[in-house]
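Examination of the molecular architecture
Here is how the chains run, residue by residue.
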There are 2 protein chains.
Amino acid sequence: MEDQVNDPIATLLTTYNELNSASIETLYEEPSPLEFMRYVARNTPFVVRGAASGWKACQEWNAEYLKAALKDSEVNVAVTPYGNADAPTPLPDTDLTVFAKPHEELQPFPSFLTYLQQQSSLTVPLPPSHSEIRYAQTQDNNLPHEYALLASSVPPSIPFARIALSRLPDATNLWIGNSHSVTALHKDNYENIYVQVLGQKHFVLLPPVASPGVNERLLKGARYKRSDKGELELVLDEDGGEVPFAMWDPDVPEKHATKYSRLVRPIRVTLDPGDFLYLPAMWYHKVSQTGCADEGICVAINYWYDMEFSGPLYCLDTLVRSVDEKRKAEENKNDGVE
Amino acid sequence: MEDQVNDPIATLLTTYNELNSASIETLYEEPSPLEFMRYVARNTPFVVRGAASGWKACQEWNAEYLKAALKDSEVNVAVTPYGNADAPTPLPDTDLTVFAKPHEELQPFPSFLTYLQQQSSLTVPLPPSHSEIRYAQTQDNNLPHEYALLASSVPPSIPFARIALSRLPDATNLWIGNSHSVTALHKDNYENIYVQVLGQKHFVLLPPVASPGVNERLLKGARYKRSDKGELELVLDEDGGEVPFAMWDPDVPEKHATKYSRLVRPIRVTLDPGDFLYLPAMWYHKVSQTGCADEGICVAINYWYDMEFSGPLYCLDTLVRSVDEKRKAEENKNDGVE
Ligand SMILES: O=C(O)CCC(=O)C(=O)O
Ligand SMILES: O=C(O)CCC(=O)C(=O)O
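Residues numbered from 1 in each chain as written. Chains lettered and ligands numbered in written order. Predicted model: local features only at pLDDT ≥ 70, side-chain atom pairs only at ≥ 80, totals over all residues. Heavy atoms only, no water.

Attention now goes to the overall build of chain A. Helix and strand counts for chain A stand at seven helices and 18 strands. On C-alpha atoms alone, chain A measures out to a radius of gyration of 21 Å, which is about the 20 Å that the 2.2 N^0.38 rule sets for 338 residues. In terms of overall dimensions, chain A has C-alpha extents of about 65 × 55 × 35 Å along its principal axes. Taking as baseline every contact in chain A between residues at least 6 positions apart, the subset at least 24 positions apart corresponds to 82%. Carbon together with sulfur atoms contributes 51% to the accessible area of chain A, which is approximately 14,700 Å² in total. Once the 29 positive and 47 negative side-chain charges of chain A are each reduced to a mean point, those two points are 2 Å apart. (Helix = DSSP H or I, 4+ residues; strand = E, 2+ residues; numbered from the N terminus. Rg over C-alpha atoms; globule rule 2.2 N^0.38 Å. Contact = heavy atoms within 4.5 Å. Areas by Shrake-Rupley, 256 points an atom, 1.4 Å probe, with all protein chains shown as cover. Lys, Arg positive; Asp, Glu negative; His and termini not counted. Charge placed at Lys NZ, Arg CZ, Asp CG, Glu CD.)

Here it is in C-alpha cells:
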C-alpha cells in the first residue's frame, strides 16, 4: 500500500475526516438565513426535525387526498423492473454495465397511486401483477407544472435558503414512490433542501472529496422500453454517449471499491414526515425509502438552488478529480510496462 | 512544457481564473452580515470605500493628536536596515537566504513618530541620521494593550464580521510606518478586515490556490541585533528552526518564479483613509505604503477573526500543497536519475 505521505488524496481524505463530524448535525428549528449561509460556506449537511410539520402538505396529504386532488391527471411515471431508475445495471446478454434510464409513461394518477399502495407490502419476488417498479421522479421542476394542483400545499421556496442564497429555487420537485425504488449514489450541482411529507427516506451521504472512493466510470446510456408483449427491455442508446457514474455502493463497500473507499466515511440519516435535510452542493447521496404504514407510499419534495461555482468547493472538486485521473493514468501505464 | 491536461495544478489555476474576477469587488456601503458571509463562503476579497470615514480615528488622528495621546508611552518598534521586517533576506557573507526578523526595541512614542515623519520625504540612499527603517507592527493584539489609550477611537470589532462569524476578533492591531517599510508576501489563517486611517496602503493579493506559484522555501530564521557600535547585524537563530516562506515577489515576477507563477493573477488594490479591505483567510498579501502628504506617516488598523477549518478551503489548500510537494519530489528524483 502506498505511503500516505506520498499520496495527496489519502492525505486529503484523512484531513477531511479529522476536521469534520462523522454524523449529521441536528437542529430542532429552522436556521436563520445567516446561520444557513454558515452551513453553505462549510458545505456541511444538517437535518431540521419537524420543520415542515405545519405545512399543509404534512397536515393533509395522504393517498386519498392526493387521489382526489389529481383524480383527472395523468402523470409521468418512471418504470423499471428492479426500482433501478438512473442506476448502473448489467446489460443482459453482454458484459457491459450501463446507465439504465427508466421507461417513462403517462399513467392516470389515481391508479398509479393504488399500484404503489398494493405493491408496498409485497416482497421480492413480486407477483406478475405487481412486478414493475414505478416512481414519479421527473426532477424537472414538476411541482409547479405537472403537479400544479398540489403546489399550494407547500411554500414556493424555503425562506432561509432563498434569502441566504439571494435566489429563487431553480426547481421544486415532487417524489412519489414506495419501498421498492432506490436512487443510486450520485451528486448534483445544486444546494438541495429536501422535505419529507409521507413515509421515510434513508439517505447515505458522502462529501465531494469522496470522489476518488466512489469509483466513477464512464457508462454507456440505455433505456427501458416496453416491448410489444408489454415487457421491459433495456436498450442501449444509439447516440453512443457516455455518462460518468459511481460504481461503488456504500452499502456494499467491498464491491467496486477503490484504494480510497475505506477512507470515505458515509453519513446516514433517516427523514421522517416534517423533517428537512440540507444536502449541500456536490455531496453524493444514495436514497432509499419506506412507505408510511397506513398508506404504503413515500412522498417528498425538494428545492434545488443553483450553487456558487466561484469559491473553493468547485476548485477543490476539480483538483481532486484531475489528481485522481492522473494517478489512474500512471498506474495503468506502469501496469502496462511491468 | 508539461501538457496542462496532465498537470492538475495548471488545470486548477486555469479553472480558478475562469471562475473568479481578476479585479477586486468595490462596495460603497458596508455589507450586511449575510452579504459578508457570502463573500466568506466564496473566499473573495472586497473593498468598501469610505466605510470608516466617520470613525473618530479617521476624523481626528494625525501626527500631533497621536503624539499628544501617547506622550508618555514607550512602544515596541521593529527596526531593520531596509524596511524588511519578516522578509526573505540574504545573510551577509553567506549564500543563505534567511527569514529576517526585526530588531525590536521600546522607543518613546513621540520621537518614534517624529523620526518616521522626518524620514518620510527622504529617498534612498538615506542619510546616516535616518538610515534605519522603523515600523510599529507588533501584530499581537496591540491596540487594546500597547495602544489602549487610542482604542476608544475605533470600534472594538466590525459588526458585520462579528455577527456573520459569530465571534469577536482574535486580535486588533495598529500599524504605524512610512513609505520605507514593505510587508513581504505571506498569508495568515485569519479572516482579516483591514482599515486605513492615514496615508495609503497598496495591497497585492493572491488567492490560496496560488501556493505552487509563490515558491515557498524553508528558510532559517535570523534576527537583526544592535551591535555595540549601534549598527544592525543580522544574526542566525540558534535554535536552527525553519519557516516556509514565499520567495516569489509578484512585483518582480521573473525572479524566483515556478512553472506556475505565470498562471497566478495578482489583484492590486490601494486603500485610502476610511477604506475597508476584506482580506479573506489564506490569501497571500504583499503590502507597501505611502505616508499621507502632510504628516508623513501611514496608519492602519486591522481585525483578525479566526477562520473556519472545516469546509472546502483548508482541504483545498492541503491538497494543492501535497500535490505540489509530490511533483517536486518526483522532479528531483528524475533530475537525479538523468
Ligand atoms: O428521493 C430520491 O429518491 C432522490 C432524491 C435526490 O436525488 C435529490 O433530491 O437530488
Ligand atoms: O500593513 C501591513 O504592512 C501588513 C498587514 C498584514 O500583513 C495583515 O494585516 O495581515
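Residues and elements named next belong to chain A. The immediate surroundings of ligand 1 are formed by Tyr135, Trp175, Thr183, His186, Asp188, Asn192, Tyr194, Lys201, His285, Val287, Asn302 and Trp304. Here an oxygen atom of ligand 1 and a side-chain polar atom of His186 are 3.2 Å apart. At a separation of 3.1 Å, an oxygen atom of ligand 1 approaches a polar side-chain atom of His285. Burial of ligand 1 by the surrounding chains reaches 100%, relative to a free accessible area of 290 Å². Contributions of two or more residues to the shell around ligand 1 are made by β9 (182-186), β10 (190-198), β17 (284-290) and β18 (298-306). In terms of residue class, the shell around ligand 1 is built from five nonpolar, five polar and two charged. (Near = heavy atom within 4 Å. Polar contact = N/O pair within 3.5 Å; in protein donor to acceptor, adjacent residues only side chain to side chain. Nonpolar A, V, L, I, M, F, W, Y, C, P; charged D, E, K, R; others polar.)

Sites flagged by UniProt as "domain: JmjC" (unreviewed entry) map to residues 139-320 of chain A. Between the C-alpha atoms that bound residues 139-320 of chain A there is a distance of 28 Å. The span itself is 9% helix and 41% strand. (UniProt positions renumbered as here; feature names shortened; annotations may be inferred.)

Inspection of helix α2 (residues 33-42) of chain A places Leu34(A), Phe36(A), Met37(A), Tyr39(A), Val40(A) and Ala41(A) among the buried residues, and these make up the whole buried set. Immediately downstream of α2(A), the backbone of Asn43(A) shows phi near 55°, a positive value. (Buried < 20%, exposed > 50% of the residue type's maximum accessible area, 1.4 Å probe, protein only.)

This brings us to the interface of chain A and chain B. Contacts between the two partners involve 36 residues from chain A, matched on the other side by 36 residues from chain B. Buried area between chain A and chain B, both sides added, is near 3,100 Å², and the carbon and sulfur share of it is 76%. When the buried area of chain A at its contact with chain B is split by residue, Pro312(A), Cys315(A) and Leu319(A) rank highest and sum to 19% of it. Seen at the junction of chain A and chain B, the total is zero salt bridges. In this structure, the connection of chain A to chain B is made through eight residue pairs in polar contact (both at pLDDT 80 or more). Those elements that place two or more of their residues in the side of chain A that touches chain B are α1 (8-19), α2, α6 (159-165) and α7 (312-337) of chain A. It is α7(A) that provides the largest number of residues to the side of chain A that touches chain B, a total of 11 residues. Here the side of chain A that touches chain B is built from residues that sort into 21 nonpolar, 10 polar and five charged. (Buried area = accessible area lost by both parts, 1.4 Å probe. Salt bridge = Lys/Arg side-chain N within 4 Å of Asp/Glu carboxyl O.)

What follows covers the packing of α2(A) against helix α2 (residues 33-42) of chain B. Put simply, α2(A) and α2(B) touch, their axes get as near as 9 Å, and they point 5° apart. It follows that α2(A) is roughly parallel to α2(B) by the angle criterion. On α2(B), the residues touching Pro33(A), Leu34(A), Met37(A), Arg38(A) and Ala41(A) of α2(A) are Pro33(B), Leu34(B), Met37(B), Arg38(B) and Ala41(B). Each residue belonging to the contact of α2(A) with α2(B) can be placed in one class, and the counts come to eight nonpolar, no polar and two charged. (Axes fitted to C-alpha atoms, helices over the stretch in contact; angles between N-to-C directions. Parallel < 35°, antiparallel > 145°, perpendicular 65-115°, else oblique.)

What follows covers the pattern of salt bridges. Residue and element names in this part refer to chain A. Under the definition given, this model contains 40 salt bridges over all chains. Between Asp275 and Arg49 there is a salt bridge, with its nearest N and O atoms 2.7 Å apart. Placement of Asp275 in the loop between β15 (267-271) and β16 (276-279) and of Arg49 in the loop between β2 (46-48) and α3 (56-60) is noted, with a sequence separation of 226 residues between them. Given the relative accessible area of 4%, Asp275 is considered buried. Here Asp237 makes a salt bridge to Lys101, at a shortest N to O gap of 2.6 Å. Of this pair, Asp237 sits in the loop between β13 (232-236) and β14 (242-246) while Lys101 sits in strand β5 (residues 97-101); the two residues are 136 residues apart in sequence, bridging distant segments of the chain. Given a relative accessible area of 21%, Asp237 falls into the partly exposed group. Connected through salt bridges with shared partners, the residues Asp7, Lys259, Asp324, Glu325, Arg327, Lys328 and Glu331 form a single ionic network.

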